[in-house]
Amino acid sequence: RMTEFYVKVKPDQDKYRIEDGSFPTFYLESKAENGRANSELLQRLEEILGERPGIISGHQSRRKKLKTDLPEEKLERKIEAEY
């Protein structure tokens, strides 16, 4: 069963970090050009989740809808452990 979830991204930051909010906010070092920030987001999430999520929508937006095969509870625990 696929789990869908939302994240916010803030590209072109001095340092990578994640903050809690209405959605997890990923502060990314990559610029939002040529898909670089999306690539960094997916790579960082793969390191956290142990699998690479897919982007459903928001490829060119700061708010993105993603999907993963992880159960929702496990997904939330793994992301919250990174705050």
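Caption draft 1: Representation of the pattern of salt bridges in the model. Scanning all chains against the criterion turns up seven salt bridges. Across the pair E33 and R36 runs a salt bridge whose closest N-O atoms are separated by 2.6 Å. The partly exposed category is assigned to R36, whose relative accessible area is 43%. R44 is the salt-bridge partner of E40, the closest N and O atoms lying 3.2 Å from each other. Separated by four residues within a single helix, E40 and R44 lie in helix α1 (residues 36–49), roughly one turn from each other.

Rules behind the numbers
- Residues numbered from 1 in each chain as written.
- Predicted model: local features only at pLDDT ≥ 70, side-chain atom pairs only at ≥ 80, totals over all residues.
- Heavy atoms only, no water.
- Salt bridge = Lys/Arg side-chain N within 4 Å of Asp/Glu carboxyl O.
- Buried < 20%, exposed > 50% of the residue type's maximum accessible area, 1.4 Å probe, protein only.
- Helix = DSSP H or I, 4+ residues; strand = E, 2+ residues; numbered from the N terminus.

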